[in-house]
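Observations on chain architecture
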Amino acid sequence: MNTLNYKLPSTNELLTARIELITLAHTIRVLDLSKTIDQHFPALGSNCALKVSTFINTLVLSQHEGGECLNDIVHIAKDKALLSCH
């Protein structure tokens, strides 16, 4: 069996396997979809509720990752590299 002798340098950078979510989040930000969403949906009545755009953007990212409900965002919320990109 031939083994390739690759050596990768170590890094202190945060890494993620969810690079596609970073691309999608960047697209949402560049298109300023949060502003558009908040303009077209009514504000929630509670003073401690999430903004509508936060709810929808999170749901879109979760569904892109294969999630079926907002409870499926736990693994996204724990990804330090992904959270550092916003």
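To keep things clear, this report deals only with the structure shown in the data block. Bear in mind that the values here come from a model prediction, so they are computed numbers and not experimental data. (Residues numbered from 1 in each chain as written. Predicted model: local features only at pLDDT ≥ 70, side-chain atom pairs only at ≥ 80, totals over all residues. Heavy atoms only, no water.)

Looking at helix α1 (residues 19-30)
Basically, it comes down to this: Where helices and strands are cited, they refer to DSSP runs of H or I of at least four residues and of E of at least two residues respectively, numbered from the N terminus. To estimate the expected span of a helix, subtract one from its residue number and multiply by 1.5 Å.
In this model, α1 (12 residues) spans 17 Å end to end at C-alpha, consistent with the 16 Å of a helix rising 1.5 Å per residue. Directly beyond the C-terminal end of α1, a positive phi value near 55° is found at Asp 32.

Points about unusual backbone geometry
The backbone of Asp 32 shows a phi angle near 55°, a positive value even though the residue is not glycine. In this structure, Asp 32 sits in the loop between α1 and α2 (33-40).

Let's talk about the packing of α1 against helix α3 (residues 52-64)
Defined as follows: Fitted lines through C-alpha atoms serve as axes, helices being fitted only where they are in contact, and the angles separating the N-to-C directions of these axes extend from 0 to 180 degrees. Should an angle fall under 35 degrees it is taken as roughly parallel, and over 145 as roughly antiparallel, whereas 65 to 115 is taken as roughly perpendicular and any remaining angle as oblique. When the near helix sits turned anticlockwise from the far one by under a right angle, the crossing is termed left-handed; a clockwise turn instead gives a right-handed crossing. By the convention used here, residues are in contact when the closest approach between their heavy atoms is within 4.5 Å. Classification convention: Asp, Glu, Lys, Arg as charged; Ala, Val, Leu, Ile, Met, Phe, Trp, Tyr, Cys, Pro as nonpolar; all other residues, Gly among them, as polar.
It is at 10 Å that the axes of α1 and α3 come closest, and there the two elements cross at 150°. Taken together, the axes of α1 and α3 lie roughly antiparallel to each other. Of the two possible hands of crossing, α1 and α3 adopt the one that is right-handed. Within the contact between the two elements, α1 uses Glu 20, Leu 21, Leu 24, Ala 25 and Ile 28 and α3 uses Asn 57, Val 60, Leu 61 and His 64. For the contact of α1 with α3, the per-class residue count stands at 6 nonpolar, 2 polar and 1 charged.

Description of the side chain of Ser 53
This is how the line gets drawn: The cut-offs for exposure are 20% and 50% of the maximum accessible area for each residue type, with area from a 1.4 Å probe on protein chains only; residues under the lower value are buried, those over the upper are exposed, and the others partly exposed. As used in this structure description, the phrase polar contact means that two N or O atoms lie within 3.5 Å; if the pair is within protein, one of them must be able to donate a hydrogen and the other to accept it, and residues adjacent in sequence are counted only when both atoms belong to side chains.
On the secondary structure map, Ser 53 appears in helix α3. The class for Ser 53 is buried, based on a relative accessible area of 3%. A polar contact is formed between the side chain of Ser 53 and the side chain of Asp 38, at a distance of 2.9 Å. Among all residues touching Ser 53, those that are not within four sequence positions of it are Ser 34, Ile 37 and Asp 38.

Looking at the environment of Gly 67
With respect to the element layout, Gly 67 can be found in the loop between α3 and α4 (74-77). Residue Gly 67 is classed as buried on the basis of its relative accessible area of 14%.

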